[in-house]
Amino acid sequence: MLKALQAVGEELPFQRYIVGETTKAPDPFAEENTSKKVGAPAAPQYLQYETTYNITPLMKKEFVNYGKKVRVRSDSAWPAADMLGLDDSQHGAVKACLTHNLAIVQGPPGTGKTFIGLKVAEVLLLNSEAWNQGARGEKLEEPAPSQQSPILVLCYTNHALDQFLEGIASFQDSHIVRVGSRSKNPVMEKFSLNNLRSQMRSNKSLPRDIHANYGRIKSEMACLHEEIQNISVMMEAANKHILSERELGAVLSDAVIQALEAGFWEGEGDTVRSHGRQPKSFLGEWLGVGNRAPDISERLGSVKLFQDEQHTGPEDQVKVDEDAKLEEAKRVGDDDQEVLDYLKESRRERAELMDQLDLALAIDVDEQGDKTSEVHAGWQISKAEKKQRKTLAKVELSKRTQMSEKERELKEQLLWRLTSEDRWRLYRTWVHQYKVHHQNTVKYKESEYNRYARRLGEMREQESLYLMRQAKVVGMTTTGAAKVHSMLHQLKPVVVIVEEAAEVLEAHIVASLTPSCQHLILIGDHQQLRPSPTVFELAKTYNLDVSLFERLIRNGV
């Protein structure tokens, strides 16, 4: 709503009535104020003095022929009130609605305000060529659907909107678009914008350019969605499992990968080569969680101590130099996981992606206490031993100590000479850089996805606009009109009818008007219902409980 009001420029329709205008600055010493008084509204710009209307929907059956061609701007040309089946006040209201660019219909319940509004809408639809030509500024034999300007119907509530549109549907059974998804009236389903959009897509009646752009954008978004989800799973795996040197390839140099492989073969010698198979991961063997089963009981003892001290022991603190502080500034925090899970798919799909990753050790696999042994590439390893390795890996992954950039470069030259503690610190440093690398990638892809999402929103607006331009009547709530203010600018409605106008905040109506509006009809009763600002102070101090409808009546329009 506020954005729509900010967009209001110098071309505000009915500015004379809404804002007011003066011929010159008022003279406080003058006997009479020189302010220009507000008088009776003029005729709509599109309505010429010679224009004739077919007003037969207003006529009694026996007088129908008298209403086929009436010069509505001439008082003498109008049929008498009894020929229209209206009382004097209703007769005056109909004339005002059809001939004044700003018409106000006010009266207590039961006086026929909605009835008059529907009759006026029927007459306007029957004579749409008058205001459609005014919208285009030219005269055409038959206005094309894409060029016509629909009547815009605004209501404060969805219930009132459904009732008014249902009344219009009794004499106009097609070319009605109901914008919004909160309708509970089954009659309105076939006029719903969402349903009409679905039908247009299924019938493939969407314009070729919109259809091509829509399909291309959806395809690009699907690819980005898949890529972001893949990275999300990779980041999740980095937190929960031990990655192999192949998975960490983006942050490991060729020299490091070669050193991991060469050091392993040198340590095992001919015994390993005779098996004819290499281990699942050289990095896993380097960390001591692979399948060659070294004795890790001593390390498990320190793990128990680590768990008891709850990360408070001095041995877990690292002196950080300036390089490490720079790295710390780029640390992947807990909030970044929300970015990575931006387009999260189902658990099944994520599990499938996880299975495709190259892991040195999957930690969260449940072994169910099985103590039987397994054989991998000639090494025998029991379930109990495998569980010990997972316990060690889980605790080491929970630590936060890392190496500075200088220390990392030094330690990478001594990979197989490092202590177990240094190996894990170095591994955590690699994983941290792995996360930072993919975090930057996913942020870029997320920005691209958002860019395409905005373009998709624009394409949907073009779809909606295409449907509304084919309509003769478009209905929406005042709140909904403010939300699609930019679309209304492109739709360029000439005639606007506001039901329940006395209950609507003035800002809602002003935000719904576009420079194309030449004819505004307000229907309501300010003596029965008024706007209800959520904050009472706004009503008490700033008079927000006074609608545009009531203010115009007070100002003598």
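Residues numbered from 1 in each chain as written. Predicted model: local features only at pLDDT ≥ 70, side-chain atom pairs only at ≥ 80, totals over all residues. Heavy atoms only, no water.

## Points about the layout of surface pockets
For the largest pocket, the calculated volume is near 520 Å³. As for the largest pocket, its lining consists of 20 residues, and the residues nearest its centre are Val-179, Gly-180, Ser-181, Gly-480 and Lys-483. Counting residues per element, the ones that place at least two in the lining of the largest pocket are α8 (193–202), α19 (420–470), β10 (473–477) and α20 (478–483). When residues in the lining of the largest pocket are grouped by element, the largest group, four residues, is from α19. Residue classes in the lining of the largest pocket are distributed as seven nonpolar, eight polar and five charged. (1 Å grid on protein atoms, 1.4 Å probe; cavity = no way out; pocket = protein on both sides within 12 Å on 5 of 7 lines; lining within 4 Å. Points joined across faces, edges and corners; volume = space filled by probe spheres on them. Helix = DSSP H or I, 4+ residues; strand = E, 2+ residues; numbered from the N terminus. Nonpolar A, V, L, I, M, F, W, Y, C, P; charged D, E, K, R; others polar.)

## Digging into the confidence of the model for the protein chain
Residues with a pLDDT of 70 or more make up 78% of the protein chain, whose mean pLDDT is 80. Throughout residues 136–146 the model reports pLDDT below 50, and contacts reaching past four residues in sequence, or to other chains, amount to nine contacts. Across residues 308–340 the pLDDT falls below 50, and counting only partners more than four positions away or on other chains, this stretch makes 46 contacts in the model. (pLDDT = per-residue confidence, 0-100. Contact = heavy atoms within 4.5 Å.)

## Details of helix α4 (residues 88–99)
Under the 1.5 Å per step criterion, the end-to-end length of α4 is 16 Å for twelve residues, consistent within 8% with the ideal 16 Å. The buried count for α4 comes to nine of twelve residues, which makes it a mostly enclosed element. Within the span of α4, buried status applies to Gln-90, His-91, Ala-93, Val-94, Lys-95, Ala-96, Cys-97, Leu-98 and Thr-99. The elements touched by buried residues of α4 are β1 (52–53), α3 (81–84), β3 (102–106), α5 (113–126) and β12 (519–524). (Expected span 1.5 Å × (residues − 1). Buried < 20%, exposed > 50% of the residue type's maximum accessible area, 1.4 Å probe, protein only.)

## Considerations on the packing of aromatic side chains
The final tally for this structure, using the stated rule, is six aromatic pairs. Ring geometry for Phe-63 and Tyr-66: centres 6.2 Å apart, planes at 55°, overall tilted. By relative accessible area, which is 26% here, Phe-63 ends up partly exposed. Given the relative accessible area of 56%, Tyr-66 is considered exposed. Measuring from centroid to centroid gives 5.9 Å for Trp-265 and Phe-282, while their planes differ by 70°, and the two rings are edge-to-face. On the criterion of sequence distance, the pair formed by Trp-265 in helix α10 (residues 254–268) and Phe-282 in helix α12 (residues 282–287) is long-range, its members being 17 residues apart. Just as Trp-265 is buried, Phe-282 falls in that class too. Arg-451 extends its terminal NZ or CZ atom over the ring of Tyr-452, reaching a point 4.9 Å from the ring centre. (Phe/Tyr/Trp six-rings, centres within 6.5 Å; stacked < 30°, edge-to-face > 60°. Lys NZ or Arg CZ within 6 Å of the ring centre and 35° of its normal.)

## What about unusual backbone geometry?
Of note in this structure, His-175 is not a glycine but carries a positive phi near 60°. Examined against the element boundaries, His-175 turns out to sit in the loop between α7 (158–169) and β5 (176–178). Overall, the relative accessible area of 42% leaves His-175 in the partly exposed class. Although it is not a glycine, Asn-543 adopts a positive phi angle of roughly 60°.

## A few points about the sheet that holds β5
Read across the sheet, six strands follow the order β3-β12-β11-β4-β10-β5 without closing on themselves; strand pairing throughout is parallel. Of all strands in the sheet, those bounded by a partner on one side alone are β3 and β5. Neighbour-to-neighbour, the strand axes of this sheet turn through a mean angle of 15°, independent of strand direction. One ladder, built from three bridges, connects β5 with β10; its direction is parallel. (Pairing = 2+ DSSP bridges. Axes fitted to C-alpha atoms, helices over the stretch in contact; angles between N-to-C directions.)

## Structural notes on the pairing of β10
In terms of burial, β10 is a largely internal element, five of the five residues being buried. Covered by surrounding structure in β10 are Val-473, Gly-475 and Thr-477 together with Val-474 and Met-476, the residues of both alternating faces. As defined by bridge partners, strand β4 (residues 151–155) adjoins β10 across five bridges and the pair is classed as parallel. Within β10, the residue paired with Val-153 across the bridge is Gly-475.

## Some details on the packing of α5 against α7
Between α5 and α7, the shortest axis-to-axis distance is 10 Å and the interhelical angle comes to 45°. Between α5 and α7, the crossing angle belongs to the class labelled oblique. Once α5 is placed against α7, the crossing between them reads as right-handed. Of α7, the residues touching α5 (which contributes Thr-114, Gly-117, Leu-118, Ala-121 and Leu-125) are Phe-164, Gly-167 and Ile-168. When its residues are assigned to classes, the contact of α5 with α7 shows five nonpolar, three polar and no charged. (Parallel < 35°, antiparallel > 145°, perpendicular 65-115°, else oblique. Left-handed = near helix turned anticlockwise from the far one by under 90°.)

## With respect to the nonpolar core
The biggest cluster of nonpolar side chains holds 51 residues, and the ones touching the most others in it are Val-474, Met-476, Leu-520 and Leu-522. The residues contacting Met-476, other than those within four sequence positions of it, are Leu-152, Val-153, Leu-154, Cys-155, Leu-161, Val-179, Met-468, Ala-481, Val-484 and Leu-488. Core analysis: the second largest hydrophobic core is formed by 45 residues, Val-70, Val-72, Ala-93 and Ile-116 among them. (Core = buried A, V, L, I, M, F, W, Y, C linked by side-chain atoms within 4.5 Å.)

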